[in-house]
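# Working through the structure, step by step
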Amino acid sequence: MTKKRELHEYSTDPAAQEMLIRAEELGVSTAFTRADKMVPCNIGGAGMCCKQCGMGPCRLTKEGDVGVCGATIDTIQARNLTRAIAAGAAAHSDHGRDMAFLLKATANGQAEGYWLRDIAKLRIVASKYGIPIEGRAPEEIANDLADLYIAQFGQQTGEVVPATRAPKKRQQLWRELKVWPRGIDREVVEALHRTHIGDDQDPEHILLHAVRTALTDGWGGSMIATDVSDILFGTPAPLLGQANLGVIKENMVNVVVHGHQPNLSEMMVVAAQDPEILEYARAAGAEGIQLAGICCTANEILMRQGIPAAGNFLHQELAILTGAVEAMVVDVQCIMQALVSLAQNFHTKIITTSPKVKITGATHIEFDEHKGLTIAKQILKVAIDNFTNRQPAKVRIPRIKEDLIPGFSHEYINYMLGGSYRASFRPLNDAIISGRIRGVAAIVGCNNPRSSQDYLHNTVVKELLKKDVLVVQTGCGAIAAGKLGLMLGEAGLSEVGSGLREVCETVGIPPVLHLGSCVDNTRILTVLTQMVEEGGLGDDIDQIPAVGLAPEWMSEKALAIATYCVASGAYVIFGGSSPISGMPDRVHDSDKVARYISEGWEKLFGGKLEFISDPQKMIEATLAHIDKKRAALGLPAWEENKFGRSGDSRMQQLESLPLEQKRQAIYGLAAD
Ligand code: NFS
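This write-up is about the structure you can find in this document. Because the structure is predicted, anything quoted here is derived from the model rather than measured. (Residues numbered from 1 in each chain as written. Predicted model: local features only at pLDDT ≥ 70, side-chain atom pairs only at ≥ 80, totals over all residues. Heavy atoms only, no water.)

## Thoughts on the packing of aromatic side chains
The final tally for this structure, using the stated rule, is 11 aromatic pairs. Seen in terms of ring centroids, Y129 and Y149 are 5.7 Å apart; in terms of plane orientation they differ by 75°. Their pairing is edge-to-face. Of this pair, Y129 sits in the loop between α5 (119–128) and α6 (138–154) while Y149 sits in helix α6, and the two are 20 residues apart along the sequence. Taking the relative accessible area as the measure of exposure, Y129 reaches 16% and is therefore buried. Ring centres of W553 and F574 lie 5.6 Å apart, and the angle between their planes is 45°; on these two criteria the pair is classed as tilted. (Phe/Tyr/Trp six-rings, centres within 6.5 Å; stacked < 30°, edge-to-face > 60°. Helix = DSSP H or I, 4+ residues; strand = E, 2+ residues; numbered from the N terminus. Buried < 20%, exposed > 50% of the residue type's maximum accessible area, 1.4 Å probe, protein only.)

## Topic: the coordination of the nickel atom of the ligand
Exactly one donor from the protein chain reaches the nickel atom of the ligand: C518 (SG), at 2.3 Å. Coordination at the nickel atom of the ligand comes from four donor atoms whose angles at the metal span 92 to 154°, giving a geometry best classed as irregular. For C518, the location among the structural elements is in the loop between β13 (512–516) and α21 (521–534). (Donors = N, O, S within 2.8 Å, 3.2 Å for Na, K, Ca; no water. Tetrahedral: all angles 85-135°; square planar, octahedral: opposite > 155°, others 65-115°.)

## Thoughts on the site of the ligand
Taken together, the residues surrounding the ligand are H260, C295, C296, F313, C334, G445, C446, C476, C518, M554, S555 and K557. Split by residue class, the shell around the ligand holds eight nonpolar, three polar and one charged. Two domains share the shell around the ligand, each providing at least three of its residues, namely domain 3 (241–402) and domain 4 (440–482 + 547–655). (Near = heavy atom within 4 Å. Nonpolar A, V, L, I, M, F, W, Y, C, P; charged D, E, K, R; others polar. Domains from an automatic or database assignment.)

## Details of the environment of R165
Looking at where R165 falls in the secondary structure, it is placed in the loop between α6 and α7 (168–176). When near neighbours in sequence (up to four residues on either side) are disregarded, R165 contacts V125, K128, Y129, Y149, Q171, W219, M223, D227 and T529. (Contact = heavy atoms within 4.5 Å.)

## With respect to helix α4 (residues 73–107)
Because each turn of an α-helix spans 3.6 residues, side chains separated by three or four positions end up pointing in the same direction. End to end, α4 covers 50 Å across 35 residues, agreeing with the expected 51 Å (1.5 Å per residue, within 8%). Counted residue by residue, α4 has 27 buried out of 35 residues, so it is predominantly covered. Just downstream of α4, G109 is the residue with a positive phi angle, here 65°. (Expected span 1.5 Å × (residues − 1).)

Now the structure itself:
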């Protein structure tokens, strides 16, 4: 069945809409139109299809149905969900492993072009694990830290060490429930073992291991990825960036880097500034090289180097449709196979670089960090050589882009709230305690062509801001808000609740903080932990008035993130469709798993995972949860317009008033 949608039903982004019209003119398909043609399987989509063995696939469609082996719907759903979580955890953690090996190579002078940029973070992280730092060269410390991190992957018994950075009470809980991961690879392998035909068949028991597998991602592999990226490329701090397809430039060699790992993209940034390469580009008739990012690679180089983001997940094909991209250089994760056939309509070269990822028809130039700079230059030369093949008649670049300020690492938030001498989370906690900030929402995750691009993300963000909820974002959700102009100081404040606005103006921050890529969801864990440790908001993460949302999720990584956030104590809401939705009418048997990961997990961890497709209901559930947590802490109930008597814009309004009226307006004093 083919159902064509209206343009705004495909994307709320005008640049995307422009490119979708272009795709139609050219008669090429995109994920947007393919989603119309591909009707999702309602049995598999609901989690009721088991294809774990050759006796099936078994499709369970009726109450009481079981598979050939006797597996029930609950068992099948639990197994499917656990496998997805394991795949997501594997992807993030393998990224972390690569970064740990890069740290090792850099420490030993074997990684061409890389160096240890953030020695302060290196020392802080190393000392958390008892690695001696006094009187030692950064390379020695980095070598020890790399060894410790590499060991986490193959560790067989004991506890993965990054999780010791969680609040004390949470650590205790994980030990009691026996979900503290023993080793990163071990938990992923065990998840596959347990979900093999004829193994673990108690849904709750399977899902408890899913929790342990997810924790190995958030408090393991992903945390390692973030730490090492900061040490090697710098801990992010705010800078000015841009986002959307308008960052592609007609007179430049445009190279789009897409994927996830900053080892490649950071070296592309270095190579693109090399005088020899720039001269090579000029000799080809271009004014220079424009690097731009897609997906989380975009976030990595945007927040550290200010390299513009061409867009989020659903922009990858649209960038090629501009006809002005000489090369799209990809590494791992979220890369659509359709890029290759789409690029054949243009001169664009798709270059795969990871030893783990090849795509039929793409050019493969394998990246090796031991000669990273040399290979990055080689890739750029291929792109430059392709510049003369560009067909000017096919070039259509939307003139749409937006400024944004990314780079809010946990370290920077700490600094910005107190400066060098009084760095602290106190002002944030105090603002929540007073009710100026009602609570915090972390809005993360993907785009999904099943819903209008960025619509769910930005609808939820805008509504929560009006209600004084501070928003932090990562991944493709962050790029969605950036494209809309919500990550700028003044521009982002026009429709923000008066209390939150006051805080943003006082501290000088946008109301939506860009915390980085998807692996950097660990920064959210660190922020929440620091809020607990600062005091006044309870003694564990589950007591903080905070919610995590992934309104447009689509990847298995998103499910892993959701699960480790729940296990850390957060209420997590996913939009779109539920992979465990069960029977349409949710009859008894088929919603057991849904109830378990919600009510069941809440009893165990204080956090829960729910799938809510309606954005208004998502917002209501978020606010209700925040208010419930405020009440449990004994904080004053949130009141609209209670605050807002200070702040920059208010001061400007008051400036023209006579003194008495000014006093009255500010302090609520009667004029005498
Ligand atoms: Ni996260 Fe980043 Fe984007 Fe989703 Fe893909 S890029 S790792 S998975 S689509 S946010």
